[in-house]
Amino acid sequence: MIGRHKHCLGLADYSREEIVEVLDLAVSMKEVLQRPIKKVPSLRGKSVVNLFFEASTRTRSSFEVAAKVLSADALNWTASASSVTKGETLIDTVRNLEAMRPDVIVIRHSAGGAPGLVASRVGCAVISAGDGAHEHPSQGLLDCFTLREKLGTLEGKTIAIVGDITHSRVARSDIYGLLALGARVRVCGPPTMIPPGVERLGATVHHALREAVAGADAVIMLRIQHERIGDPLIPSTREYSRLWGLNARKAAEWLTPGCLVMHPGPINRGVELEPDVADGARSVILDQVENGVAVRMALLYLLAGGPEAAAEAKTSARA
Amino acid sequence: MNAAEIDRALDRLAAEVAARARAEDGEKGLAIVGIRRGGVHLAERLRARLANRIGVTPPAGTIDIALYRDDLDEKGAVPVVGPTDVRFPVDGKTILLVDDVLYTGRTVRAALDELVDFGRPRRVWLLVLVDRGGRELPIAADFVGTRLSAAPQDDVQVRLTEAGAAADAVIVTRRPS
Amino acid sequence: MADLLFIEGGRVIDPASGTDAVRTVVIRDGLVAEVAERVERPREARAIDARGRWVTPGFIDLHVHLREPGQEYKETVATGAAAAVAGGFTAICAMPNTRPVNDTAAVTELVLARAAAAGLARVYPVGCISKGSAGEELAEYGELKQAGCVALSDDGKPVMNAALMRRALEYARAFGLPLTVHEEDLALVGKGVMHEGAVSTRLGLNGIPGQAEDVMVLRDLALAELTGGRLHIAHISTRGAVRAVREAKRRGLPVTAEVTPHHLALTDEDLAASGYSTDYKMNPPLRAQDDVDACREGLADGTLDAIATDHAPHAVQEKDVEFDVAANGIVGLETAFPVCLELVRRGLLAERRLVEALTAAPAAAFGLPGGRLARGAPADVAVLDPAAEWVVAPERLRSKSKNSPWKGRRLTGRCTHTVVGGRIVHEEGRADR
């Protein structure tokens, strides 16, 4: 049961049953989001702190909305706004925040493993909103949720992930989640963007987009950063777009009619996705955003609720 | 209670509801909402009987009160949330809220809070198969199948064939102290 | 009516098929129809009398500087292609360090268009490893491959940035393009203008140690192992580099290498004997005798897969200056065969291996068509007279530039006919086509 996980730091340690538990709960949460009054009192009196060391409007807002729908109080804390610039360490920052008795800390940080470090030092629950290139568990879960909702099941389905796999935490969480639910995963991109040993995670590697998407039930397009200085992985976004970008013609000729197109956002229109595909009939990108709130509600409900969570919060604040 | 007694109780309850609805001009606006999980099948059975009596099938829905509980910090694990499905507009309706056993009243309080988040009903009537006493909140049922006096260490269960029981029954078991 | 060409009575040496015997090569409509012992020649067929001569697949040169676009005063695609076929080469790879460099489809297409117009040797363009050959950003390999490039190089310069070389090897894998690399560590090269050794001390010229080449070869072999990329070492010249490649091949690394005729034939002592002649100045420089010995052994045992000329034309004003400032490079297309044949005469190289190093091996290294006399394949053939003596008269060289250390010397061995796609594009003794 997911209850055995006090934190949500990554999907690599989640079993299939645990992932299904979160997805099933998210179904009910999504129903709440469709009511006229989008509020339930479940986490009334609880507080959720969004501790974001990396800029992010969408994920942060998504967690904020999720907390508020559950009637929890949400506090946003961004790195530039604060004492990090005055040289305060991560642990000190978190300890100070903890004195205000949050029930959940949602943290995004550029260093892989940072949420784990925080989790080892605080009493409340910690949810990772993305750490370096390591994991982005709530994104992985919402991608699985979206695909399960649209395809019925992920068992035996083929999903292709296209882009800079090496630097993508979304890709890793997606791989773990999709494999746990019985899907087959292909990763695709220029050889410079495929990390060594990715096959050992369970994905097959393709360099040609056409092959990677042939017969796939869904393709997840990742954002390409050309601004990587000092170690350029591609010569230009122009060439990347010609060879690995998805436009209407390639979609029509290479994708099966029912194949879905996903993207974690924000989209580099014209690079990995042309606007007509991003906004086209196969695209479930906006569903992903809606489902993101439901999935995050499920995570908050599971981690903030419960007697252990309450007891820990009380003792650690006193410590 | 045995199966035959439960059957007769439901017939009587349906008659009472129909009579009151007619008297207070609520027939057209009647809707039935079963509280998961105990009230769901009872709500279905009542719906069929009421349809016979008032000549029209009232809309029906199900609510799960897990997200509205007030005891999240006290229970063991975090409670499992089931589906809530209320597809008809709630405004102005006469809602017949149905559950199997009425005890502390907390479940009904949560159900009322949730119901009210869907809209503003004209009125809400509470129907339970068993009232076992032991209220902790000022909640009373408008329609009761049977009353019994149960001690705190008693476990009162309504078993129904739709839920897999061999036969309908109301069972009281005393837990060892 | 079929277009027939018979090449009769010659010793056909085709290493790819294992043929080394007197045969007649029949070419029909531009393709090799058959290679047979005795064939009846119809009256309307043209014939080349190849008795006493060698008949081989047309030579393939993986490393040629054609100087067009931008420096047409010293060579053009057309003149370079003419020099090629005069030397028995039916296909050449054009290096990208032109002006502008070949890092775009536009330049690649220009080179191909000029080659098509000349109608002589086939020209396979090589694209840049980095944009502008500046060694900072990857060039667009997808575009270059699509335009017709067969390999990538920043020749003329090393790729000093190891991270860029790593990414280049990785990225090129997506397109199946080999990287042909010019290996020298610029910091170790410094102001060197010749091989560092006893001779440079005597001549008082700044030297380039052989290790300047070795460290980069070792680095890139390691990167090739890391990335699984296709590495080809250009113009190897040191014993250290030869040893490194041999060891890497023994470990199973898919690396290939080339060596120039001049690095097989000349040493720094020859440079000294020439009296500071800039026709002996090139990069990598002429090395010591044991380096040359190592290269000869490496070629014989297959460590060095192919012979490639690094044909580097320069105009008089670029060479007729002090040794320190003279441009690096010599022309080599028209003298490659006789210079390498000398090794055969001295027992240092087998005939078959020589032919293989000029035909099947270069084709295999870059995945190029040709390099063999296969039935049904386009007929690219060279007819060579191993005994023909001739003097290298600068005015008779087809290349626009005459910077060769064999200028005015007598050489033995010459290409008499060259056939490309069934057309005779070179015939020694005939007026220039």
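Please refer to the structure placed before this passage.
Here, residues in each chain are numbered from 1, in the same order as that chain's written sequence. Labels follow written order: the first chain is A, the first ligand is 1, and so on. Local features in this predicted model are restricted to residues whose pLDDT is 70 or higher, and side-chain atom pairs enter the listing and the counts only when it is 80 or higher, whereas totals over whole chains, interfaces and linings include all residues.

Some thoughts on the overall build of chain B
Helix and strand counts for chain B come out as three helices and seven strands. Ordered by position in the sequence, the α and β elements of chain B form the string α-β-α-β-β-α-β-β-β-β. Put simply, the radius of gyration uses C-alpha atoms, and a globule should come to 2.2 Å times the residue count raised to 0.38. A globule of 177 residues ought to have a C-alpha radius of gyration of about 16 Å, and chain B, at 16 Å, matches this closely. Taking the principal axes of the C-alpha coordinates as reference, chain B spans close to 50 × 35 × 30 Å. The exposure scheme places C-beta atoms from the backbone and then counts, for each residue, the other C-beta atoms within 10 Å of its own, assigning buried at 20 or more, exposed at 12 or fewer, and partly exposed in between. Looking at chain B as a whole, 39% of its 177 residues qualify as buried. It is the C-beta atoms, placed from the backbone, that decide contacts: two residues are in contact if theirs lie within 7 Å. Contacts in chain B between residues far apart in sequence, at least 24 positions, make up 67% of those at least 6 positions apart. Strands here mean DSSP runs of E at least two residues long; helices mean DSSP runs of H or I at least four residues long; both are numbered from the N terminus.

Some remarks on the interface of chain A and chain C
Taken together, the contact between chain A and chain C spans 13 residues of the former and 14 residues of the latter. Each residue gets one of three labels, nonpolar for Ala, Val, Leu, Ile, Met, Phe, Trp, Tyr, Cys and Pro, charged for Asp, Glu, Lys and Arg, and polar for the others, Gly among them. Looking at the side of chain A that touches chain C residue by residue, the class counts come to seven nonpolar, three polar and three charged.

Here we look at the environment of alanine 84 of chain C
Residues and elements named next belong to chain C. As for its position among the elements, alanine 84 is in helix H1 (residues 77-86). When the C-alpha atoms of alanine 84 and histidine 263 are compared, they prove to be 19 Å apart, with 179 residues separating the residues in sequence. When residues no more than four places from it in sequence are discounted, the contact partners of alanine 84 are Asp61, Phe89, Ile92, Leu120, Ala121 and Leu333.

Comments concerning the sheet that holds strand S1 (residues 47-52) of chain A
Sheet strands pair via backbone hydrogen bonds, and the direction of the pair is either parallel or antiparallel. Residue and element names in this part refer to chain A. When DSSP finds at least two bridges between two strands, those strands are taken to pair. Taken together, four strands build an open sheet; the order of strands is S2-S1-S3-S4 and the sheet is parallel. The open sheet has two edge strands, strand S2 (73-78) and strand S4 (125-131), and neither has a second partner. Direction aside, the axes of adjacent strands within the sheet are offset by 15 degrees on average. Angles here are taken between N-to-C directions and fall from 0 to 180 degrees, while the axes themselves are lines fitted to C-alpha atoms, restricted in helices to the stretch in contact.

Brief notes about the pairing of strand S4 (residues 123-131) of chain B
Residues and elements named next belong to chain B. Of all nine residues that make up S4, seven are buried, and the element is covered over most of its length. Pairing between strand S3 (residues 94-102) and S4: eight bridges, direction parallel. Counterpart to leucine 102 in the pairing with S4 is aspartate 131. Here is how to tell: hold the view so the strands point away, follow the path from the first strand over the helix to the second, and if it runs clockwise the crossover is right-handed. For the crossover from S3 across helix H3 (residues 106-116) to S4, the handedness is right-handed. Relative to strand S5 (residues 143-147), S4 is paired through four bridges, and the arrangement is parallel.

What about the sheet that holds strand S6 (residues 184-188) of chain A?
All names here are of chain A. The five strands are arranged S7-S6-S5-S8-S9 in an open sheet whose pairing can be described as parallel. Edge positions in the sheet fall to strand S7 (204-206) and strand S9 (260-262), since each has one partner strand and no second. This sheet shows a mean twist of 25 degrees between the axes of neighbouring strands, independent of strand direction. Where helix H6 (residues 169-180) meets the sheet, its contacts fall on strand S5 (158-162), S6 and strand S8 (218-221), and the angle it forms with S6 comes to roughly 160 degrees.

Quick word on H1 of chain C
Residue and element names in this part refer to chain C. Within H1, ten of the ten residues are buried, which leaves the element mostly enclosed by the surrounding structure. Looking at the buried positions of H1, the neighbouring elements they touch are strand S6 (59-64), strand S7 (89-94), helix H2 (105-118), strand S8 (122-127), strand S17 (410-420) and strand S18 (423-427). Glycine 88, located one to two residues past H1, shows a positive phi value of around 95 degrees.

Points about the nonpolar core
One broad trend across soluble globular proteins is that nonpolar side chains are buried collectively. Defined on buried residues, the nonpolar core groups Ala, Val, Leu, Ile, Met, Phe, Trp, Tyr and Cys residues joined through C-beta atoms within 7 Å. If you look at the biggest cluster of nonpolar residues, it comprises 264 residues, and the most contacted ones within it are Ile105, Ala298 and Leu300 of chain A together with Ala81 of chain C. Element by element, the count of residues in this core is highest for helix H12 (residues 285-304) of chain A, at twelve residues. If we ignore the near neighbours within four places in the chain, the residues touching leucine 300 of chain A are Leu43, Val48, Ala66, Ala67, Leu70, Ala72 and Val104 of chain A. Grouped together as the second largest cluster of nonpolar side chains are eleven residues, Met194, Val199, Tyr280 and Leu286 of chain C included.

Describing the environment of arginine 238 of chain A
With respect to the helices, strands and loops of the structure, arginine 238 of chain A is situated in helix H9 (residues 237-244). Residues arginine 238 of chain A and glycine 152 of chain A lie 86 residues apart in sequence; the distance between their C-alpha atoms is 37 Å.

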